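Take a look at the letters that make up each chain.
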Amino acid sequence: MIRIPKPWQLKENQTTPERLYLNRRHIIGGLGLTAGLAAGAALAKTKPQSTRKALVFKKSGYTIADPLTPENLVTSYNNFYEFGTDKSDPAKYAHSLITDPWTITVEGEAAKTGKFAIEDLIRQDELEERIYRLRCVEGWSMVIPWVGVPLRKILARFEPNSKAKYVQLVTKFEPSQMRGTRWPVLDWPYVEGLRMDEAMHDLTFLATGLYGRELPNQNGAPLRLVVPWKYGFKSIKSIVKIKFLKRQPTTSWEKSAPREYGFYSNVNPNVDHPRWSQSTERVIGGGSFTSLFNRRETEVFNGYGDAVAELYRGMDLKRNY
Ligand SMILES: Nc1nc2c(c(=O)[nH]1)N[C@H]1C(S)=C(S)[C@@H](COP(=O)(O)O)O[C@H]1N2
Ligand SMILES: [Mo]
């Protein structure tokens, strides 16, 4: 599965030596910091790209045979509506989110509930890297080297009981730090959910970093979900609450447009969004030689059918979209 891209598959920005990258980041980061200091004390926690902490992690066998999306695109073309609905808004405004200290509240059908400091939940010696494609329902995708831990490892520590059939995850909601929440674009806070077997699946990942460093705020620092066989919006960012539930919870996108977004949201080229096709996707940052015009065919379950199709055996995936 591991594949080294051929030189003709690399764009200039992918071949830039790391040293030049760091310099460029340093310059961009420096400007960000100056603006931050001018804007006031709340921005003291600003994390310019160049100061993102390097993480120690083990490589894993989870990879895909496509070139990585350049880091500068992964961190500048985002969906994080709490900071605005434009793709460039999160990179501009998410620095105001204070990510340290960070507490996660665990509630519901489990033996161990309460408030936990992120440091106590995510142990640095457990970190691994996984290369997963993120496929947005809008019809674009990126290939990202995430760093984190499988969600199942974390959930198991709370000892969910037999009544726990679903997991709900909730994003931080702090209007003073999230300018986009001044508008009722979604019913804040952002909420998502998984069925217990989906949450406990080995592919389901909690990321604390990308490209070997801790997550930038715009990508969901300090902790975000990555469910590689589902549309990007399932991958909820900046998580502050985990709730074990008996019944299927509603999700932000279901609430905002129930005809367009369902609970399952599995990547499925055969089920169109009511307003557009889902059969192909635009590869952000170029993609490979074989994806002419930067487009590729969208795969059923984003390419993970062998691993996850059994979770949905007997279900009508046109109805359960
Ligand atoms: N809290 C929160 N999480 C979110 C979103 C959001 O608006 N708010 N957007 C989702 C969508 S639509 C996508 S495609 C991915 C984008 O992740 P990325 O910006 O790291 O690529 O985050 C998801 N998680
Ligand atoms: Mo998305």
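Our structure is the block above this text.
**Section: the side chain of Thr 181**
Argument step 1. Relative to the helices and strands, Thr 181 resides in the loop between strand E6 (166-171) and strand E7 (191-195).
Argument step 2. The class of Thr 181 is buried, set by a relative accessible area of 9%.
Argument step 3. Those residues in contact with Thr 181, other than ones at most four positions away along the chain, are Glu 82, Phe 173, Pro 175 and Trp 188.

**Side note on the site of ligand 1**
Argument step 1. The immediate surroundings of ligand 1 are formed by 16 residues, with Asn 78, Tyr 81, Glu 82, Ser 235 and Lys 237 found nearest.
Argument step 2. In this structure, an oxygen atom belonging to ligand 1 sits 2.8 Å away from a side-chain N or O atom of Asn 78.
Argument step 3. Contact distances for ligand 1 include 2.9 Å between a nitrogen atom and a backbone N or O atom of Ser 235.

**Topic: the sheet that holds strand E11 (residues 239-245)**
Argument step 1. If you walk across this open sheet you meet the five strands as E3-E2-E11-E6-E7, and the pairing is mixed. The open sheet has two edge strands with one neighbour each: strand E3 (114-117) and E7. Taken over all neighbouring pairs, the strand axes of this sheet differ in orientation by 20° on average, direction set aside.
Argument step 2. Direction of pairing for E6 relative to E11: antiparallel, over a ladder of six bridges. Directly across from Val 170, in E11, lies its bridge partner Lys 241.

**Thoughts on the packing of aromatic side chains**
Argument step 1. Going through the model one piece at a time under the given rule, you end up with 16 aromatic pairs.
Argument step 2. Their ring planes at 85° and their centres at 5.9 Å tell us that Tyr 264 and Tyr 312 sit as a pair that is edge-to-face. Pair noted here: Tyr 264 is in the loop between helix H8 (252-256) and strand E12 (280-283) and Tyr 312 is in the segment after helix H9 (305-308), with a separation of 48 residues, a long-range link. Summarising the burial analysis for this pair, Tyr 264 and Tyr 312 share the class buried.
Argument step 3. Within the aromatic cluster, the residues linked to one another by ring pairs are Tyr 81, Tyr 231, Phe 233, Trp 253 and Tyr 261.
Argument step 4. Directly above the ring of Tyr 77 sits Lys 87, whose terminal nitrogen or CZ lies 5.9 Å from the centroid.
Argument step 5. The aromatic ring of Phe 263 is capped on one face by Lys 234, whose charged end is 4.1 Å from the ring centroid.

**Focus: the pattern of salt bridges**
Argument step 1. For the structure shown, the criterion picks out 25 salt bridges.
Argument step 2. The salt bridge partner of Glu 107 is Lys 243, with a shortest N-O separation of 3.7 Å. Placement of Glu 107 in strand E2 (residues 103-108) and of Lys 243 in strand E11 is noted, with a sequence separation of 136 residues between them.
Argument step 3. Look at Glu 107 and you get partly exposed, because its relative accessible area is 26%.
Argument step 4. For Lys 243, a relative accessible area of 26% gives the class partly exposed.

**Here we look at the pairing of E12**
Argument step 1. Of the two faces of E12, the one holding Glu 281 and Val 283 is buried and the one holding Thr 280 and Arg 282 is not buried anywhere.
Argument step 2. Strand direction decides the pairing type here: strand E5 (residues 140-150) and E12, joined by two bridges, are parallel. Paired with Trp 140 across the two strands is Arg 282, which belongs to E12.
Argument step 3. The sheet contact formed by E12 and strand E13 (residues 295-297) spans three bridges and is antiparallel. When the sheet's bridge partners are listed, Glu 281 is paired in E13 with Arg 296.

**A word on the environment of Asp 197**
Argument step 1. Here Asp 197 lies in helix H7 (residues 196-199).
Argument step 2. Classification of Asp 197 as partly exposed rests on a relative accessible area of 34%.
Argument step 3. Among the polar contacts made by the side chain of Asp 197, one reaches the side chain of Arg 195 at a distance of 2.8 Å.

**Focus on the pairing of strand E8 (residues 205-210)**
Argument step 1. Of all six residues in E8, six are buried; the element is thus mostly enclosed.
Argument step 2. Where E5 and E8 come together, five bridges link them in antiparallel fashion. Each residue of the ladder has a partner; that of Val 149, found in E8, is Leu 206.
Argument step 3. Pairing geometry for E8 and strand E10 (residues 224-226), over three bridges, is antiparallel. Each residue of the ladder has a partner; that of Leu 206, found in E10, is Leu 225.
Argument step 4. Strand direction decides the pairing type here: E8 and strand E9 (residues 213-214), joined by two bridges, are antiparallel. Paired with Leu 210 across the strands is Arg 213, a residue of E9.
Argument step 5. Adjacent in sequence and paired antiparallel, E8 and E9 are bridged by two residues, among which Tyr 211 carries a positive phi angle near 50°.

**Some words on the side chain of Glu 109**
Argument step 1. Among the structural elements, Glu 109 can be located in the loop between E2 and E3.
Argument step 2. Excluding residues within four positions of it along the chain, Glu 109 makes contact with Pro 160, Asn 161, Lys 163, Ala 164, Phe 244 and Lys 246.

Thresholds applied
- Residues numbered from 1 in each chain as written.
- Chains lettered and ligands numbered in written order.
- Predicted model: local features only at pLDDT ≥ 70, side-chain atom pairs only at ≥ 80, totals over all residues.
- Heavy atoms only, no water.
- Helix = DSSP H or I, 4+ residues; strand = E, 2+ residues; numbered from the N terminus.
- Buried < 20%, exposed > 50% of the residue type's maximum accessible area, 1.4 Å probe, protein only.
- Contact = heavy atoms within 4.5 Å.
- Near = heavy atom within 4 Å.
- Polar contact = N/O pair within 3.5 Å; in protein donor to acceptor, adjacent residues only side chain to side chain.
- Pairing = 2+ DSSP bridges.
- Axes fitted to C-alpha atoms, helices over the stretch in contact; angles between N-to-C directions.
- Phe/Tyr/Trp six-rings, centres within 6.5 Å; stacked < 30°, edge-to-face > 60°.
- Lys NZ or Arg CZ within 6 Å of the ring centre and 35° of its normal.
- Salt bridge = Lys/Arg side-chain N within 4 Å of Asp/Glu carboxyl O.

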